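# Residue-level structure breakdown
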Amino acid sequence: MAVDILMPALSPTMTEGKLARWLKQPGDQVKSGDVIAEIETDKATMEVEAVDEGVLSKILVPEGTEGVAVNAVIGVMNADDTAPAPAPKAAPAAAKAAPAPVAAHHAPATVAELAEPEWGETKPMTVREALREAMTLEMRADENVFLMGEEVAQYQGAYKISQGMLDEFGPRRVIDTPITEHGFTGMAVGAAMNGLKPIVEFMTFNFAMQAIDQIINSAAKTLYMSGGQMGCPIVFRGPNGAAARVGAQHSQCYASWYAHCPGLKVVAPWSAADAKGLMRAAIRDPNPVIFLENEILYGHTFDCPVSEDFVLPIGKAKIERAGADVTIIAFSIMVDVAMKAAEALEAQGISAEVINLRTIRPLDIETIVQSVKKTSRVVSVEEGWPFAGIGAEIAMTVVEHCFDWLDAPPARVAGLDVPMPYAANLEKLALPQPDWVVAAVKKLF
Amino acid sequence: MAATEAKSKKGKKPEASMGRDELLAAYGKMLLIRRFEEKAGQLYGMGLIAGFCHLYIGQEAVVVGMQHCLKPGDEVITSYRDHGHMLACEMDPKGVMAELTGRAGGYSRGKGGSMHMFSKEKGFFGGHGIVGAQVSLGTGLAFSNWYRGNDHVSLTYFGEGASNQGQVYESFNLANLMKLPVVFIIENNRYSMGTSIERSSASRDLSLNGVPWGMPSMSVDGMDVLAVKAAGEIAVAHCRAGKGPYLLEMKTYRYRGHSMSDPAKYRTREEVQRMRAEHDCLDQAKKVLEGLGVSEAELKKLDDEVKARVAAAAEFAQDSPEPDEAEIWTDVLVEA
C-alpha cells in the first residue's frame, strides 16, 4: 500500500523547515530506521528516519526547498502496491491542530513602526539572532562578561541562541555546565559578587525554580544587606512562559514572581529590537536582571536597528500602536495578541493604543498613565495566571495614578488559572487569544 | 578529641606549623574572638542586640588557623555564625559590633545585622543566612579566580548541618569538574541546631563526602590551631597550584547554644564542661606558648589589649547612632 512521507515536526514549536537533502532516491529500498532525508530548522539540522519498510516511490518536495510546512507530504513509499492505504489515524489530525496557535503568530512582523526610528537603518532579524548579537557585542566589549548554562557551548545552545559563540570566545567564556541549576546559579552569583558579569542561561525559566533561592536571597538582597558594598551584576536569561504542547511543568510565566522582589530588574522583550537593545542594557546594568524570553518568538523576524551602538533603556515601555479609545498593555508574546486585537477592534470602530511594556520592573508608570489619561480605558494582557499577576499591578497603578480619568474599571486578560494542560484543544483554551482581548475591551464601552 | 589526623598526611607536623610569634598572634586573635563573642552575648542579654545571634565560642581555632594560610586577595565566605570569621579577616571589631546593635557605624550601616556583613576590602564575602547557600557562592568566588587566571583561593566555610544540602554536592561536583581553587571547610561542631550529627548524617566521616568527586580531603582536630594551620597549608597549596578543590572536616565544638535563644536541651552540661576542660583551643595554645618561653606577663598584656579593644567596640556600638531613616530606601539597586 502507498504511504505518504510527511514533513515531521522536530521540536514543540517547529512549524516549518528546509528540506536540506534526500539520502534515498526513488527506487531505493528503505528499511525502518534508515535515514532518508535531512531537515534544517533555524535551530538545528536533523535526520529523518523511515518509519515504514519498502521502496521509495516518489519525491514530491525536492531537496533545497525552504519553508516546508510540518505535515506536508514530501514523498511517497510503495506507490505501486495495490493494497488500499489505511485511513489516517488520530495522530496526524492532532498534529495538524497543534501548530495552529503557533502558526498564527508566525508571520514575520515587518511593520515599519516596529523599528526604533531614532536608531536609523534597520534590517530583518530574528529574535534569536538579536539575542546572540547582543551577547556577542557585549562580550567583545567587556572581558568580564561570560555566558554559562546547560548546552550553551558545544551543543550550540538548546535553542541555538548561543550558536557559534564557543568558536569565537572559547570554553573559558562560553561554559557548559552540568544539570545543576542551584549549584551553577550560586556559583555565578558568587562570581558576580567578585566583580565578573555572568550571563546565566536557563534552558527554561521553569528550571530556575531550583535556583530561585540564590536569585532572590543572594543576588537580589545582598547589595542592601551589605549597605551598598556587594553588588551583583548578572543576567539570568532564558525562555519563559508557554512554548507549545510541553505541559504544566514547562509552561509557566514567571514575570510576577520575580517582579515582586526589590533588588531585581525584570525585562520581557517582544521584538528583535527589544531583544537586542534590552539584552545589551541588561548586561551593562550593575544589578541582577531577569531577562524573560519566549521560545515561540525566537524564530520570529522583525526589523532591528543595525547601529553598533543600538541599546534600549531598561524601564521604558514602547507604544507599538497609537490609539484613542482604549489602552491595551502587554509584554512578550502577548504583544502579538494585543496587536491582533487592536486590528480587530479597528475594524469595529474602536481605536486601541498598544503598549509593549518591555520592562516589567521598574514599571514605566509614566507611559501607562499618560496613555490611560488619553484613552480612559485600560486592559492588560498576560500569559501568566491572573491572581497577583502583572495585570493586578497595572490595574492598581492606574487606580492610584489616574482614577479620575477612567471611564470604566481596569480590566485584565490572563492565562486561565490552571496548570497548563497538554491536550492541544485545552492548551489553546488556557492561553489568551485576540478575541479574549476584544471581548474584554468591548465590555468597557 | 583524638590527636590530629593531619599528622599522618604529608607536610609539617602541627607543632611545626607556627613559630612562637605567629602562634602568639594566633592566640591573640582567638582571644579577641572569644572576648568579643562573650561581650556580644552580654549585649544581647541587655537587649542591645536583637534577632538571631550565633556565637562562635569554642570554634575559634578553625578560622584563625585557616586565616594564617591566606594572602591578601584571597576570599573568605561563611554562614550566619560569622563574627569570628570577620575578626579573623582583620575587620574592625567596632564595625562588627555596631552592626550587631544595628547602628550606622556597622559594616552594613545597620541594614544587615549579625548574619549579613561584608568587607570586600578585607576579602570577606559574608555572612549568609540561608544554610548552604554560601557554598555555591564560595565556589563562584573560586570561579572568578579561575576565570582571571590568578592564584587566589576561596575559603568556603559551612557547618556539618549544611553539608547535607543538595547545593553543597552540586558545588563539589562543579568545583572538581572545573578544578576551581576552593577549600571547602566543614566546621563540624556536632550539632546542627539541636540535631546531633548522628541523627542528621548517614555519612560517619564527613571528610569522605568529597570522594565521589575525587576531591582530596582531611579530617582535622579543629580545636588545635596548630593542626588547623598544618592542614590548611596543604589544602591551600593544592588550590594555588591549580589542582582543584580540597575538603577539610574540622572537628570542633560550640560551647554556647545554636543561637542566643537556644535552651540547649539536646546535650548535657557535662559534655560541654568536658570539652571546655579538655579541648579548649585557648588553653591548648597557651600551654604550647608557655613551653616556648612566653611569659605570664606577656600573655597578661595581650589579654589586657584584647579586653580594651572589645570594650571600645562595645562602647562604639552603643554610641553609634541608628541609621538615618532615609537609609531605608538606599542600596536596593545600584543606580546605573
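The structure this text deals with has already been given above.
For the structure given in this document, a descriptive report is provided here. Just so you know, these numbers come straight off a predicted model, no measurement behind them. (Residues numbered from 1 in each chain as written. Chains lettered and ligands numbered in written order. Predicted model: local features only at pLDDT ≥ 70, side-chain atom pairs only at ≥ 80, totals over all residues.)

Attention shifts here to the overall build of chain A. Helix and strand counts for chain A come out as 14 helices and 22 strands. Here chain A has a C-alpha radius of gyration of 24 Å; the compact-globule value for 445 residues is 22 Å, and the two agree. When the backbone C-alpha atoms are referred to their principal axes, chain A occupies close to 75 × 55 × 45 Å. In chain A, buried positions account for 51% of the 445 residues. Long-range pairs, those at least 24 residues apart, make up 75% of the contacts in chain A between residues at least 6 apart in sequence. (Helix = DSSP H or I, 4+ residues; strand = E, 2+ residues; numbered from the N terminus. Rg over C-alpha atoms; globule rule 2.2 N^0.38 Å. Buried ≥ 20, exposed ≤ 12 C-beta atoms within 10 Å, placed from the backbone. Contact = placed C-beta atoms within 7 Å.)

What follows is about the overall build of chain B. When you go through chain B residue by residue, the secondary structure sums to 11 helices and seven strands. For 336 residues, the compact-globule formula gives about 20 Å, and the C-alpha radius of gyration of chain B, at 19 Å, lands near that figure. Buried positions account for 54% of the 336 residues belonging to chain B. Sequence separation of at least 24 residues holds for 77% of the intrachain contacts in chain B that already meet a minimum separation of 6.

Moving on to unusual backbone geometry. All names here are of chain A. Following R361, the chain continues into P362 via a peptide bond in cis, with omega recorded as 0°. Here P362 lies in the loop between β20 (359–361) and α11 (365–375). With a phi close to 65°, E151 is a non-glycine residue in the positive phi region. With respect to the secondary-structure elements, E151 resides in the loop between β10 (145–149) and α4 (165–169). Owing to 17 C-beta atoms within 10 Å, E151 belongs among the partly exposed residues under this scheme.

Now for the sheet that holds strand β3 (residues 29–30) of chain A. Either a parallel or an antiparallel arrangement is found when strands of a sheet pair, and the pairing is made through backbone hydrogen bonds. Ordered by their spatial adjacency, four strands build an open sheet running β1-β8-β6-β3 (chain A), and the pairing between neighbours is antiparallel. Of all the strands in the sheet, the pair left with one neighbour each is β1 (3–6) and β3 of chain A. (Pairing = 2+ DSSP bridges.)

Generally speaking, a soluble globular protein has its nonpolar side chains buried in company with each other. Ranked by internal contacts, the top residues of the largest apolar core, which has 208 residues, are A255(A), I328(A), A338(A) and V183(B). Here this core gathers at least three residues from each of two domains, domain 2 (112–305) and domain 3 (318–442) of chain A. What I328(A) contacts, discounting residues up to four positions off in sequence, is A338(A), A341(A), A342(A), A352(A), V354(A), V379(A), V381(A) and V437(A). Listed in part, the 12 residues of the second largest apolar core include V30(A), A37(A), I39(A) and I74(A). (Core = buried A, V, L, I, M, F, W, Y, C linked by C-beta atoms within 7 Å. Domains from an automatic or database assignment.)

Among the secondary structure elements, S114(B) is positioned in the loop between α4 (93–100) and α5 (133–148). In this structure, the C-alpha to C-alpha distance between S114(B) and G102(B), residues 12 residues apart in sequence, is 8.8 Å.

Of the residues lining the interface, 34 residues belong to chain A; the matching set on chain B comes to 34 residues. Mapped by element, the contributors of at least two residues to the side of chain A that touches chain B are α5 (181–193), α6 (212–220) and α7 (222–225) of chain A. Ranked by residue count, the leading element in the side of chain A that touches chain B is α5(A), at 10 residues. Across the side of chain A that touches chain B, the residue classes break down as 14 nonpolar, 17 polar and three charged. (Nonpolar A, V, L, I, M, F, W, Y, C, P; charged D, E, K, R; others polar.)

All names here are of chain B. Between the first and last C-alpha of helix α11 (residues 296–319) there are 34 Å, a value that for 24 residues agrees with the 34 Å anticipated at 1.5 Å per step. The set of residues buried in α11 consists of V306, V310, A313, A314 and A317. The inward-facing, buried residues of α11 abut α1 (20–45) and α4. (Expected span 1.5 Å × (residues − 1).)

On to the environment of E201(A), then. All names here are of chain A. Tracing the sequence through the fold places E201 in strand β12 (residues 197–201). The sequence separation of E201 and S11 amounts to 190 residues, and the corresponding C-alpha distance is 19 Å. Every residue in contact with E201, bar those within four places of it in the chain, is listed here: L147, G149, V152, R237 and G238.

Now for the pairing of β10(A). In terms of burial, β10(A) is a largely internal element, five of the five residues being buried. Neither face of β10(A) is left uncovered, since the one carrying V145(A), L147(A) and G149(A) and the one carrying F146(A) and M148(A) both have all their residues buried.

A few words on helix α6 (residues 166–178) of chain B. For α6(B), which comprises 13 residues, the first-to-last C-alpha distance of 19 Å matches the rise-based estimate of 18 Å (1.5 Å per residue) to within 8%. Among all positions of α6(B), only Q167(B), V168(B), E170(B), S171(B), F172(B), L174(B), A175(B) and N176(B) are buried. Elements that come into contact with the buried residues of α6(B) comprise α5 of chain A together with α5, β2 (154–159) and β3 (182–188) of chain B. Positioned one or two residues after α6(B), K179(B) has a phi angle of 55°, which is positive.

Residue and element names in this part refer to chain B. α11 packs onto α1 with a crossing angle of 40° between their chain directions and a minimal axis gap of 9 Å. One finds that α1 runs oblique with respect to α11. Once α1 is placed against α11, the crossing between them reads as right-handed. Residues G28, L31, L32, R35, F36, K39 and L43 of α1 form the contact with α11, whose participating residues are L302, D303, V306, K307, R309, V310, A313 and A314. (Axes fitted to C-alpha atoms, helices over the stretch in contact; angles between N-to-C directions. Parallel < 35°, antiparallel > 145°, perpendicular 65-115°, else oblique. Left-handed = near helix turned anticlockwise from the far one by under 90°.)

Moving on, we come to the sheet that holds β20(A). Residues and elements named next belong to chain A. Strand order across the open sheet formed by seven strands is β11-β10-β12-β13-β15-β14-β20, with mixed pairing between neighbours. Of all strands in the sheet, those bounded by a partner on one side alone are β11 (174–176) and β20. Within the sheet, the average angular offset between the axes of one strand and its neighbour, ignoring direction, is 20°. Pairing analysis gives two bridges linking strand β14 (residues 265–267) to β20, with the strands arranged antiparallel. If you follow V266 over to β20, its bridge partner there is R361.

The contact between α6(A) and α5(B) brings their axes to 11 Å, and the two run at 80°. Taken together, the axes of α6(A) and α5(B) lie roughly perpendicular to each other. Together, D213(A), Q214(A), N217(A) and S218(A) of α6(A) and A133(B), S136(B) and L137(B) of α5(B) make up the contact between the two elements. Taken together, the residues of the contact of α6(A) with α5(B) break down into two nonpolar, four polar and one charged.

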